[in-house]
Amino acid sequence: MSRRRRAGHGALFIVAMLFASSGALRLGSGIGAALAKSEEEAATVETPATCEMPSALSEALTLREERVAAQEAALQDRLAALSLAEAAISKRLEEMKAVEEELKATLAVADGAAEQDIQNLTAVYQAMKPKDAAALFETMSPEFAAGFLGRMPPESAAAILSGMSSEAAYGVSVIVAGRNAGVPKE
């Protein structure tokens, strides 16, 4: 019995294969025709849409490219203007530095000249007779007199202070003594 089944089983298999191949042939010819028809429909239907879409897309891309080009040109112009401004600022800074150096030199000369004048005047007061210098210092403001007396050697300053009235000598002495009171100790 098992032989029969095998034989029948084989015949059934062959018949099933024949049906399957027949169906595949019919289906294949039908699919081929359907695919060909579908491609023709797609070509006729999609052709106008695909033609319009790229032209609109092309126009949009062209407009965008023009805007980007205009923005790039504007940026290039701004960069050029900034470069010019930076160059002008650098030139002005260098000119200002040169003027500042000249001014410092001029101030140094002026300060040196003023200091030399004060030293010369202090030497003149120091060379005067103490009695004559004391009479002159009494007519000066105490701050002004204290400036000169503070530059003199202690012996000369003492001789001039001794010739001044006690009130004037005291006022000048307080100013000389307090001149450096506000200086930090450390």
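The paragraphs below set out a description of the structure included in this document. Predicted model only: the values in this text are computed from it and were never measured. (Residues numbered from 1 in each chain as written. Predicted model: local features only at pLDDT ≥ 70, side-chain atom pairs only at ≥ 80, totals over all residues. Heavy atoms only, no water.)

Moving on, we come to the nonpolar core. Core analysis: the biggest nonpolar cluster contains 15 residues, and Phe 137, Leu 149, Met 152, Ile 160 and Met 164 have the highest contact counts within it. Broken down by secondary-structure element, the contributors of at least two residues to this core are α2 (130-139), α3 (142-151), α4 (154-163) and α5 (166-178). Counting residues per element, this core draws most heavily on α3, at 4 residues. Those residues in contact with Met 164, other than ones at most four positions away along the chain, are Ala 134, Phe 137, Glu 138, Ala 169 and Val 172. (Core = buried A, V, L, I, M, F, W, Y, C linked by side-chain atoms within 4.5 Å. Buried < 20%, exposed > 50% of the residue type's maximum accessible area, 1.4 Å probe, protein only. Helix = DSSP H or I, 4+ residues; strand = E, 2+ residues; numbered from the N terminus. Contact = heavy atoms within 4.5 Å.)

Between α3 and α5, whose axes approach to 9 Å, the crossing angle comes to 65 degrees. Here the hand of the crossing between α3 and α5 comes out right-handed. For the pair α3 and α5, contact is made by Pro 142, Glu 143, Ala 145, Ala 146 and Leu 149 and by Val 172, Ile 175 and Val 176, respectively. For the contact of α3 with α5, the per-class residue count stands at 7 nonpolar, no polar and 1 charged. (Axes fitted to C-alpha atoms, helices over the stretch in contact; angles between N-to-C directions. Left-handed = near helix turned anticlockwise from the far one by under 90°. Nonpolar A, V, L, I, M, F, W, Y, C, P; charged D, E, K, R; others polar.)

Turning our attention to the side chain of Thr 122. Mapped onto the elements, Thr 122 comes out in helix α1 (residues 2-127). For Thr 122, the side chain forms a polar contact with the main-chain oxygen of Ile 118, separated by 2.7 Å. Look past the residues within four positions of Thr 122 in its chain and what remains in contact with it is Phe 148, Arg 151 and Met 152. (Polar contact = N/O pair within 3.5 Å; in protein donor to acceptor, adjacent residues only side chain to side chain.)

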